[in-house]
Amino acid sequence: MKEKLEKLFTWPDEKPQVPPNSHNWFGGENAEVLGKLINHIKPKYILEMGSWTGAGSTKFMLERAPDAHMVCVDHWSKNFEDFVQKDFGIEQVREIGGYISVLWETFLVNTWEYRHHMTPVRAKTVEGLQILKDLNIPFDLIYIDAHHDYESVLHDITVAHTLWPNAIIVGDDYKWPRNEISRAVHEFADNNNLEAIVVGNCWYYLDK
């Protein structure tokens, strides 16, 4: 498994020289849920889809599961348009525009001390999941926080569950406007005989 992970990404020899930036949206409800899940299942492999600067959920899970290996999928793009999603307008993106030019380097800096048990995959989730598909990494815990529209969230949940049916799937932004995420969460649960547990803005699945 170590060789497979090393082929995904090679860390640079030196930490990038960018200003500190710990911007994130990671809330207390998510920390509570993830903390309990990690303590319960003691994951060996964690998959995160959507990591941003790495200062929020990424670092939290790495700190809470020091014996696990974590794979983070995010495009960390420098292209402004890559952040304009179906339900995330250009005005909202402008609010975070100042971070984008060094977002990738910022992520590496924020997660540098965990580089021996964390592997970034720089790709959008559709491509990233395909990259991971054939590696047979036995993920125990999957955190979904990349997209904010119904179709994309449903895609990420569906593919993750199909590839790793034994993993606990948990995600963020349940209260996103227009019920985009909550619709996807409950539709998948209803179609797969799962129970969707909601704690504030965080959600996860349990077998019925």
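Residues numbered from 1 in each chain as written. Predicted model: local features only at pLDDT ≥ 70, side-chain atom pairs only at ≥ 80, totals over all residues. Heavy atoms only, no water.

(A) Structural detail: the overall build of the protein. Counting its secondary structure elements, the protein contains 8 helices and 7 strands. A compact globule built from 208 residues would reach a C-alpha radius of gyration of about 17 Å, and the protein, at 16 Å, matches this within 12%. Summarising its shape, the C-alpha atoms of the protein cover approximately 50 × 40 × 30 Å along the three principal directions. Counting only residues that meet the buried cut, the protein has 52% of its 208 residues in that class. For the protein, long-range pairs separated by at least 24 residues make up 75% of all intrachain contacts whose partners lie at least 6 apart in sequence. Working note: accessible area of the protein is about 10,500 Å², and carbon and sulfur atoms make up 48% of it. Between the centroid of the 20 positive side chains of the protein and the centroid of its 31 negative side chains there is a distance of 3 Å. (Helix = DSSP H or I, 4+ residues; strand = E, 2+ residues; numbered from the N terminus. Rg over C-alpha atoms; globule rule 2.2 N^0.38 Å. Buried < 20%, exposed > 50% of the residue type's maximum accessible area, 1.4 Å probe, protein only. Contact = heavy atoms within 4.5 Å. Areas by Shrake-Rupley, 256 points an atom, 1.4 Å probe, with all protein chains shown as cover. Lys, Arg positive; Asp, Glu negative; His and termini not counted. Charge placed at Lys NZ, Arg CZ, Asp CG, Glu CD.)

(B) Local environment of helix α2 (residues 28–41). When the terminal C-alpha atoms of α2 are compared, their 20 Å separation across 14 residues agrees well with the 20 Å that a helix rising 1.5 Å per residue should span. Of all the positions in α2, only Asn30, Ala31, Val33, Leu34, Gly35, Leu37 and Ile38 are classed as buried. In this structure, the buried side of α2 is in contact with α3 (57–64), β4 (141–144), β5 (168–171), β6 (194–199) and β7 (202–207). Backbone geometry just after α2 places Lys42 at a positive phi near 45°. (Expected span 1.5 Å × (residues − 1).)

(C) Representation of the packing of helix α7 (residues 150–163) against helix α8 (residues 180–191) in the model. In the contact formed by α7 and α8, the axes pass within 8 Å of each other and the chain directions differ by 35°. By crossing handedness, the relation of α7 to α8 is classed as right-handed. Here Tyr150, Val153, Leu154, Ile157, Thr158 and His161 of α7 come into contact with α8, specifically with Glu180, Ile181, Arg183, Ala184, Val185, Glu187 and Phe188. Considered class by class, the residues forming the contact of α7 with α8 number 8 nonpolar, 2 polar and 3 charged. (Axes fitted to C-alpha atoms, helices over the stretch in contact; angles between N-to-C directions. Left-handed = near helix turned anticlockwise from the far one by under 90°. Nonpolar A, V, L, I, M, F, W, Y, C, P; charged D, E, K, R; others polar.)

(D) The arrangement of the packing of aromatic side chains in detail. Following the criterion strictly, the structure yields 12 aromatic pairs and no others. Ring geometry for Trp11 versus Trp112: centroids 5.8 Å apart, planes at 80°, classification edge-to-face. Here Trp112 lies in the loop between α5 (103–110) and β3 (118–122) and Trp11 lies in the loop between α1 (2–8) and α2, a separation of 101 residues in the sequence. Take Trp11 and Trp112: they sit in the same class, and that class is buried. Relative to Tyr205, the ring of Phe188 lies with its centre 5.7 Å away and its plane at 45°, an arrangement referred to as tilted. Here the residue Phe188 occupies a position in helix α8, and Tyr205 occupies one in strand β7, the gap between them amounting to 17 residues. Accessibility classification places Phe188 together with Tyr205 in one group, the buried group. Ring pairing ties together the aromatic residues Phe9, Trp11, Trp76, Trp104, Phe107 and Trp112, which thus form one cluster. The ring of Tyr150 carries the charged tip of Arg183 above its face, separated from the ring centre by 3.7 Å. (Phe/Tyr/Trp six-rings, centres within 6.5 Å; stacked < 30°, edge-to-face > 60°. Lys NZ or Arg CZ within 6 Å of the ring centre and 35° of its normal.)

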